[in-house]
Amino acid sequence: MHAADCNDGVPHGAGTAPEAGLTAMLSDLDLARGAALAGSAVALKHFAALADLPREVKPDGSVVTEADRETEAAIRDLLTRERPADALLGEEGGAAGEGRRRWIVDPIDGTAQFVAGDDRWLVLVALEEDGDIVAAAAAEPAQGTLWWASRGGGAFRSTLDGTAEERVTVATDRPDVLDGARLGVVPAPPNYLESDRLIAAPLAARATTAEWDVHAPLLVACGGLDLAVQTRGQIWDFAATSLIVTEAGGAYGGVDGIRGPRAGTSLFARSPALWEEARRALWP
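Residues numbered from 1 in each chain as written. Predicted model: local features only at pLDDT ≥ 70, side-chain atom pairs only at ≥ 80, totals over all residues. Heavy atoms only, no water.

Describing the environment of alanine 3
Relative to the helices and strands, alanine 3 is located in the segment before helix H1 (28-47). Put simply, alanine 3 and valine 220 are 217 residues apart on the chain and 9.9 Å apart in space, counted from C-alpha to C-alpha. Sequence-distant contacts of alanine 3, defined by excluding residues within four places in its chain, comprise Ala210, Glu211, Trp212, Leu219, Gly224 and Leu225. (Helix = DSSP H or I, 4+ residues; strand = E, 2+ residues; numbered from the N terminus. Contact = heavy atoms within 4.5 Å.)

Some remarks on the sheet that holds strand E12 (residues 208-209)
Pairing in this open sheet of six strands is mixed, and the strands run E12-E11-E13-E16-E14-E15 from one edge to the other. Edge positions in the sheet fall to E12 and strand E15 (257-258), since each of these pairs with one other strand and no more. For strand E14 (residues 251-254) and strand E16 (residues 266-269), the ladder comprises three bridges, and the chain directions are antiparallel. Considered in E16, the bridge of alanine 251 is made with alanine 269. Where helix H4 (residues 194-204) meets the sheet, its contacts fall on strand E11 (182-186), E12, strand E13 (227-230) and E16, and the angle it forms with E11 comes to roughly 175°. Sheet contacts for helix H6 (residues 235-247): E13, E14 and E16; angle to E16, the most-contacted strand, approximately 20°. (Pairing = 2+ DSSP bridges. Axes fitted to C-alpha atoms, helices over the stretch in contact; angles between N-to-C directions.)

Notes on the pattern of salt bridges
Taken as a whole, this structure holds 24 salt bridges when the rule is applied. Across the pair aspartate 179 and arginine 206 runs a salt bridge, and its minimum N-O distance is 3.0 Å. Of this pair, aspartate 179 sits in the loop between strand E10 (166-168) and E11 while arginine 206 is found in the loop between H4 and E12, placing the two residues 27 residues apart along the sequence. Residue aspartate 179 is classed as partly exposed on the basis of its relative accessible area of 48%. (Salt bridge = Lys/Arg side-chain N within 4 Å of Asp/Glu carboxyl O. Buried < 20%, exposed > 50% of the residue type's maximum accessible area, 1.4 Å probe, protein only.)

Next comes the structure, spelled out in structure tokens:
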């Protein structure tokens, strides 16, 4: 099964990130969007020249490249300039500062896809305030799409240049049952391991597993999937997408219930009721 297309109104194809016109009066959401676009511009340059991009393996076995580091540097430079008092946490650059406001950055989510020439990688930026994610942006630069959300303000997407903007919502016309639900599993090959298959197996045994062209949690947000399970990751892998899915009307959480993002296995669903049914199967 292939995941349903929910890109109506947003052209799908290789993107060119525009320069973000930023001022000192930017809202937090506009800054999140601008930071994701700034990172996208850097990452796309490397994506266009993959043959020349050296790759390293980190101690955890994941791949890292100069594209990851330069993309994060561009995002951190912008955030530091616009919000110098805020703390920062990035996958490559680590933590800086402290306080009730913290920006969380994954410069290239899906580096394995990135180096393989697969366009399903993302640039993720989120703002956490007093422990809650309040603003988020998720760019799919090679697909030319930007997604964003603010707490209480809904979820949206557009092309990278800001055109074709539309609000996104989860599917609301499907039953809250696990059997036959449309499921996306993250990560995708070549980063999909036997351990990932075993984690997702209780859901895959009952739901209908779908291949996905757009990041599976984002497909939940726009109605293309009912469920997505991301079998492993850190807070920066989930901070942005957790808010986008919940603001689209869905639910997000982990083994300890519906809550904010943290390391481990993450479960996204189009409704709290379906999330709870999937949780009982995944974590009996």
